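The lines below spell out each chain.
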Amino acid sequence: MITIKRDHLTKDEVIELVSSHLQGMNLYSPPESIHALDIESLKQRDITFWSVWEGSQLAGCGAIKELDEHHGEIKSMRTATAHLRKGIARDLLQYIINEAKKQGYRRLSLETGSARAFEPARKLYASFGFYECDPFSTYKDDPYSVFMTKKLTD
């Protein structure tokens, strides 16, 4: 059983997972195409960050950044290596979508990588109804990025 809770990014294992996430981005994208946020950026007031726990073990993390009062962006979705293929990302994504609705968002968007390594993430998002879209917010067209969005209300 997993527990998802609001997190203030103070525990070492959470900081290490976010750092690992940033390091992983460097493997597939040049620095100017990396849009993952560092620890201090994830602590900003417009971001809600959650950690996922399986017992006492950190299993993953994710966040929503408020773009405006009706539009949120998924940030820093990551599953810890020891917890891959256990459904952690699926459970967390459903949780984030539910929280976005509670916060009154009408749309939820994200940026992910275009490399083959990001294909499982793109498939996960598509399975929840996200579809590719044009760059949003301050993003620009980038061959290393795929932009996706989902309407939360009809």
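Relevant structure appears above.
All figures in this text were calculated on a predicted structure; none of them were measured in a lab. (Residues numbered from 1 in each chain as written. Predicted model: local features only at pLDDT ≥ 70, side-chain atom pairs only at ≥ 80, totals over all residues. Heavy atoms only, no water.)

1. Notes on the overall build of the protein
- The secondary structure content of the protein amounts to 4 helices and 7 strands.
- For a compact globule of 154 residues, the expected C-alpha radius of gyration is about 15 Å, and the protein comes in at 14 Å, within 12% of that figure.
- Its C-alpha atoms put the protein at 40 × 35 × 30 Å along the principal axes.
- Put simply, the protein has 154 residues, and 45% of those count as buried.
- For the protein, long-range pairs separated by at least 24 residues make up 62% of all intrachain contacts whose partners lie at least 6 apart in sequence.
- Looking at the protein, you have 21 positive and 22 negative side-chain charges, and the mean spots of the two groups are 5 Å apart. (Helix = DSSP H or I, 4+ residues; strand = E, 2+ residues; numbered from the N terminus. Rg over C-alpha atoms; globule rule 2.2 N^0.38 Å. Buried < 20%, exposed > 50% of the residue type's maximum accessible area, 1.4 Å probe, protein only. Contact = heavy atoms within 4.5 Å. Lys, Arg positive; Asp, Glu negative; His and termini not counted. Charge placed at Lys NZ, Arg CZ, Asp CG, Glu CD.)

2. Focus on the environment of Ile97
- Here Ile97 is to be found in helix H3 (residues 88-102).
- The spatial distance from the C-alpha of Ile97 to the C-alpha of Ile64 is 9.3 Å, given a sequence separation of 33 residues.
- When residues no more than four places from it in sequence are discounted, the contact partners of Ile97 are Leu108, Phe128, Phe130, Lys150 and Leu152.

3. Quick word on the nonpolar core
- Counting 23 residues, the largest nonpolar core has Ile74, Leu93, Ile96, Leu108, Tyr125 and Phe130 as the members making the most contacts within it.
- Among the elements of the structure, strand E2 (47-54), strand E3 (57-68), strand E4 (71-79), H3, strand E5 (107-113), helix H4 (119-127) and strand E7 (145-151) are those that each provide at least two residues to this core.
- The biggest single contributor to this core is H3, with 6 residues.
- Core analysis: the next-biggest nonpolar cluster, separate from the first, contains 14 residues, Val14, Leu17, Ile47 and Trp53 among them. (Core = buried A, V, L, I, M, F, W, Y, C linked by side-chain atoms within 4.5 Å.)

4. Notes on the sheet that holds strand E6 (residues 131-132)
- The strand order across the open sheet formed by 7 strands is E1-E2-E3-E4-E5-E7-E6, and the pairing between neighbours is mixed. Edge strands, defined here as strands with exactly one partner in the open sheet, are strand E1 (2-6) and E6.
- Along the sheet face, H3 touches E1, E2, E3, E4, E5 and E7 and points at about 160° away from the line of E4. (Pairing = 2+ DSSP bridges. Axes fitted to C-alpha atoms, helices over the stretch in contact; angles between N-to-C directions.)

5. Things to note about the packing of H3 against H4
- Running from N to C, H3 and H4 point in directions that differ by 45°, and their axes come no closer than 11 Å. As the angle between them shows, H3 and H4 are arranged oblique. Judged by the twist between their axes, the crossing of H3 over H4 is right-handed. Contacts from Ala89, Arg90 and Leu93 in H3 reach Leu124, Tyr125 and Ser127 in H4.
- When the residues that make up the contact of H3 with H4 are grouped by side-chain class, the tally is 4 nonpolar, 1 polar and 1 charged. (Parallel < 35°, antiparallel > 145°, perpendicular 65-115°, else oblique. Left-handed = near helix turned anticlockwise from the far one by under 90°. Nonpolar A, V, L, I, M, F, W, Y, C, P; charged D, E, K, R; others polar.)

6. Some thoughts on the pairing of E5
- A large share of E5 lies buried, amounting to 6 of its 7 residues.
- Strand direction decides the pairing type here: E4 and E5, joined by 4 bridges, are parallel. The residue bridging His71 from the neighbouring strand is Arg107, located in E5.
- At this point the chain moves from E4, through H3, to the parallel E5, and the crossover so formed is right-handed. (Right-handed = clockwise from strand over helix to strand, strands pointing away.)

7. Points about helix H1 (residues 12-28)
- Between its first and last C-alpha atoms H1 spans 25 Å; for 17 residues at 1.5 Å apiece the expected length is 24 Å, and the two agree.
- Taken together, the buried positions of H1 are occupied by Val14, Leu17, Val18, His21, Gly24 and Met25. Taken end-on, H1 shows its buried residues confined to a sector of 115°, consistent with a single buried face. Projecting away from the buried face of H1 at angles above 90 degrees are the exposed residues Asp12, Glu16, Gln23 and Leu27. (Expected span 1.5 Å × (residues − 1). Arc of directions from axis to C-beta.)

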